[in-house]
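Each chain is listed here by its residues.
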Amino acid sequence: DDRLPPASHTMFPKGFKFGASTAAYQVEGGWNADGKGPSIWDDYLHKHPDFIKNRNNGDVADDSYHLYKDDVKAIKEIGFQTYRFSISWPRVLPTGRTNQVNQPGIDYYMNVIDELLANGIEPVVALYHWDLPVPLQDIGGWLNPDIADLFTEYADLMFKTYGDKVKWWITINEAQSVAGGYGGGNAAPALNLHGTGDYLAGHNLLRAHGKAYRMYQQKYSHQGGKISMAFCGAPCFPTTQSPEDIAAADRCFQFSFGWFAHPVLRGDYPPIMREYIDRNSKAEGRNVSRLPYFTDEEIREINGTVDWFGLNYYTAYWGKEGAVGANPSTDRDSNVNKYFDPNWPSTASSWLKVIPQGLRLALQKLRQEYGNIPIIVTENGYPDNGDKDEKRIGYFETHLAEIRAAIYEDGINVTGYCLWSIIDNFEWRDGYTVKFGLVEVDFDSPNKTRTLKKSAYWFQNYMAMHKLIQ
Ligand code: PNW
């Protein structure tokens with residue numbers, strides 16, 4: 001209503017959307033229900049149960065495969081406008097390929113989407129949140145260049161099936177974490193090919209994303225959807241204002257966010273990655289760089305393939321110059337020594353210290369590097385062991401304040417926020433011991449009873465008060 005004076009900066013701008021996120025393997029369960037094929041997480045955890053705290057796995061998880069209506073009910077009750085979830089590739093395509101479509105899997109996501117829309121909640125759908133079909137890992141997974149076409153065929157089927165109803169798409173959630181499954185030992189397929197497998201996987205992730213985006217433009221642009229990746233990383237504050245520390249903090253960004261964002265927004269890898277990895281590769285006596293080269297055609301195909309920027313933010317570091325980490329590795333290649341401030345509050349996750357200013361830093365850096373692209377925070381949340389829900393409230397409150405500062409003081413185009421997560425779920429290596437949910441789940445009860453936490457009511461009230469309605 002333009003008869004009113006503008007609202008103060010405690011309010012979010014008109015049209016700003018709030019939502020909550022999950023991922024298929026972390027909540028669905030039903031790991032072999034109704035014709036679903038195994039994913040690399042099913043397979044890896046069945047073979048290596050000790051990989052996860054208390055030997056837990058995602059076989060049943062929150063049983064959202066059967067209980068998704070309870071999830072939608074909670075989302076609705078708290079008052080979110082969007083729900084971000086992922087599709088399990090092997091649930092819809094058990095072989096990974098389109099030669100065999102699993103109709104119950106297709107129906108499941110259609111039901112979820114219809115339930116959301118019937119409740120006035122907009123779906124934001126990720127095509128890949130780490131659960132590759134096993135038959136595709138058997139041909140090398142993301143190391144095999146053919147994966148780009150296979151992913152595009154899968155994406156084609158998803159756009160064709162759901163694209164009338166879904167307008168917000170994420171191709172890959174956290175390509176950097178996916179690559180980490182090849183370069184490290186913390187996520188399936190845990191190949192630990194550090195400094196080589198991660199770059200190769202990353203290369204094919206970018207090729208896959210680019211191809212899928214172009215295919216959408218050619219075949220489905222009439223659907224009017226908007227596509228992104230969800231990018232992750234933890235930005236670095238320079239330890240001092242020395243040119244060395246400032247350059248180190250920049251490399252911290254370029255080797256995490258930049259690795260995937262630069263190719264899709266500026267074309268090709270960040271020049272500093274190219275320079276450092278080529279130089280290190282040479283010094284190691286290799287005649288081929290560990291960071292693969294794109295052809296000119298690939299650079300063109302990949303450049304300009306995000307309509308918005310999905311940002312997953314949890315934590316940040318101090319950064320200074322220094323070669324640390326395995327040799328070779330992306331960490332060592334970056335020549336940044338990243339460390340936590342001992343004064344930043346700890347959480348139940350050792351990799352996550354609370355530093356809300358890091359979110360504004362990441363947003364500022366994104367604007368500086370890639371211009372004023374619309375940004376949606378696609379993940380942000382606080383882990384505990386089920387006892388300190390007040391701290392979760394503080395985490396959201398401070399991070400949302402940083403977003404408003406970025407919007408009003410820095411003029412950054414942040415248009416939405418999806419917290420992690422609507423419900424307690426399978427937190428990868430920490431199993432069910434680490435909880436991110438606004439909604440508690442009784443994993444021992446047969447119907448996985450969902451109960452709203454204090455932070456859920458806090459969020460309900462926060463949105464009611466801070467969302468501009470006019
Ligand atoms: C995310 N970092 O991973 C994942 O997308 C979720 O599946 C997961 O449950 C959530 O975080 C909480 O762990 C991350 O670089 C990967 O700071 C990397 C970072 C943060 C989160």
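Residues numbered from 1 in each chain as written. Predicted model: local features only at pLDDT ≥ 70, side-chain atom pairs only at ≥ 80, totals over all residues. Heavy atoms only, no water.

Describing the state of the cysteines
- Summed over all chains, the structure comprises one disulfide.
- Two residues, Cys236 and Cys252, share a disulfide whose sulfurs are 2.3 Å apart. Between Cys236 and Cys252, the disulfide has an S-S torsion of 75 degrees and is therefore right-handed. Highlighted residues: Cys236 in strand 6 (residues 236-238) and Cys252 in helix 10 (residues 243-265), separated in sequence by 16 residues. (Disulfide = S-S within 2.5 Å. Helix = DSSP H or I, 4+ residues; strand = E, 2+ residues; numbered from the N terminus.)

Focus on the site of the ligand
- Near the ligand lie 14 residues; those nearest to it are Gln26, His129, Glu379, Glu427 and Trp428.
- Side-chain polar atom of Asn173 to an oxygen atom of the ligand: 3.1 Å apart, as the coordinates give it.
- For the ligand, an oxygen atom lies 2.8 Å from a polar atom in the side chain of Glu379. (Near = heavy atom within 4 Å. Polar contact = N/O pair within 3.5 Å; in protein donor to acceptor, adjacent residues only side chain to side chain.)

With respect to the sheet that holds strand 9 (residues 336-339)
- Taken in spatial order, the three strands line up as 6-8-9 in an open sheet, and their pairing is mixed. Lying at the two open borders of the sheet, with one neighbouring strand each, are strand 6 and strand 9. Averaged over all neighbouring strand pairs, the angle between strand axes comes to 40 degrees, with direction disregarded.
- Sheet topology note: the strand 8 (residues 317-321)/strand 9 ladder contains four bridges and is antiparallel. Each bridged residue has a counterpart across the sheet, and for Gly319 the counterpart in strand 9 is Lys338.
- The strands that helix 10 touches are strand 6, strand 8 and strand 9; relative to strand 8, the one it contacts most, it runs at about 120 degrees. (Pairing = 2+ DSSP bridges. Axes fitted to C-alpha atoms, helices over the stretch in contact; angles between N-to-C directions. Contact = heavy atoms within 4.5 Å.)

With respect to the packing of aromatic side chains
- Overall, the coordinates contain 53 aromatic pairs when judged by the stated rule.
- Pairing Phe80 with Phe459 gives two aromatic rings, centres 5.5 Å apart and planes at 45 degrees, and the pair type is tilted. Remark: Phe459 occurs in helix 16 (residues 454-466) and Phe80 occurs in the loop between helix 3 (64-78) and strand 2 (82-86); sequence separation between them is 379 residues.
- Phe459 sits in the buried class, given a relative accessible area of 0%.
- For the ring pair Trp89 and Trp142, a centre distance of 6.5 Å and an interplane angle of 65 degrees mean the geometry is edge-to-face. Of this pair, Trp89 sits in helix 4 (residues 89-92) while Trp142 sits in the loop between helix 6 (134-137) and helix 7 (147-162), and the two are 53 residues apart along the sequence.
- Residue class for Trp142 comes out buried when judged on its relative accessible area of 0%. (Phe/Tyr/Trp six-rings, centres within 6.5 Å; stacked < 30°, edge-to-face > 60°. Buried < 20%, exposed > 50% of the residue type's maximum accessible area, 1.4 Å probe, protein only.)

Here's the deal with the side chain of Asp245
- The topology assignment puts Asp245 in helix 10.
- No salt bridge is formed by the buried Asp245, whose closest oppositely charged neighbour, Lys320, lies at an N-O distance of 7.7 Å.
- In terms of polar contacts, Asp245 uses its side chain to reach the side chain of Thr240, at 2.6 Å.
- When residues no more than four places from it in sequence are discounted, the contact partners of Asp245 are Pro238, Thr239, Thr240, Gly319, Lys320 and Glu321. (Lys, Arg positive; Asp, Glu negative; His and termini not counted. Salt bridge = Lys/Arg side-chain N within 4 Å of Asp/Glu carboxyl O.)

Digging into the packing of helix 10 against helix 11 (residues 271-283)
- The geometry of helix 10 relative to helix 11 is characterised by a closest axis approach of 9 Å and an angle of 110 degrees between their N-to-C directions. As judged from the angle between their axes, helix 10 and helix 11 are roughly perpendicular. For the crossing formed where helix 10 meets helix 11, the hand is left-handed. Of the residues in helix 11, those touching helix 10 at Arg251, Gln254, Phe255, Trp259 and His262 are Pro271, Ile272, Met273, Tyr276 and Ile277.
- By residue class, the composition of the contact of helix 10 with helix 11 is seven nonpolar, two polar and one charged. (Parallel < 35°, antiparallel > 145°, perpendicular 65-115°, else oblique. Left-handed = near helix turned anticlockwise from the far one by under 90°. Nonpolar A, V, L, I, M, F, W, Y, C, P; charged D, E, K, R; others polar.)

A short note on unusual backbone geometry
- Of note, the amide linkage connecting Asn327 to Pro328 takes the cis form, showing an omega dihedral of -5 degrees.
- Here the residue pair Trp420 and Ser421 is connected by a cis peptide bond, since its omega of 10 degrees sits within 30 degrees of zero.
- The residue Ser421 is located in the loop between strand 11 (414-420) and strand 12 (439-441) in this model.
- Unusually for a residue other than glycine, Asn192 sits at a positive phi of about 60 degrees.
- Its place among the elements puts Asn192 in the loop between helix 8 (175-183) and helix 9 (197-219).
- Exposure remark for Asn192: the relative accessible area of 43% places this residue in the partly exposed category.
- The backbone of Lys448 sits at a positive phi, close to 45 degrees, despite the residue not being glycine.
- Examined against the element boundaries, Lys448 turns out to sit in the loop between strand 12 and strand 13 (450-452).
- Overall, the relative accessible area of 11% leaves Lys448 in the buried class.

Considering the nonpolar core
- One finds Trp41, Phe80, Trp142 and Phe459 to be the most contacted residues of the largest nonpolar core, which totals 139 residues.
- Counting residues per element, this core draws most heavily on helix 7, at 10 residues.
- If sequence neighbours within four positions are ignored, Trp41 has contacts with Tyr25, Phe51, Ile52, Trp130, Asp131, Asn186, Ala187, Ala188 and Trp428. (Core = buried A, V, L, I, M, F, W, Y, C linked by side-chain atoms within 4.5 Å.)

A word on the sheet that holds strand 4 (residues 168-173)
- Here we have eight strands rolled up into a closed barrel, ordered 1-2-3-4-5-7-10-11, and parallel in their pairing. The mean inter-strand angle of the sheet, taken between neighbouring strand axes irrespective of direction, is 25 degrees.
- Where strand 1 (residues 17-21) and strand 2 come together, three bridges link them in parallel fashion. Each bridged residue has a counterpart across the sheet, and for Ala20 the counterpart in strand 2 is Tyr83.
- Sheet contacts for helix 10: strand 5 (226-232) and strand 7 (309-312); angle to strand 5, the most-contacted strand, approximately 155 degrees.

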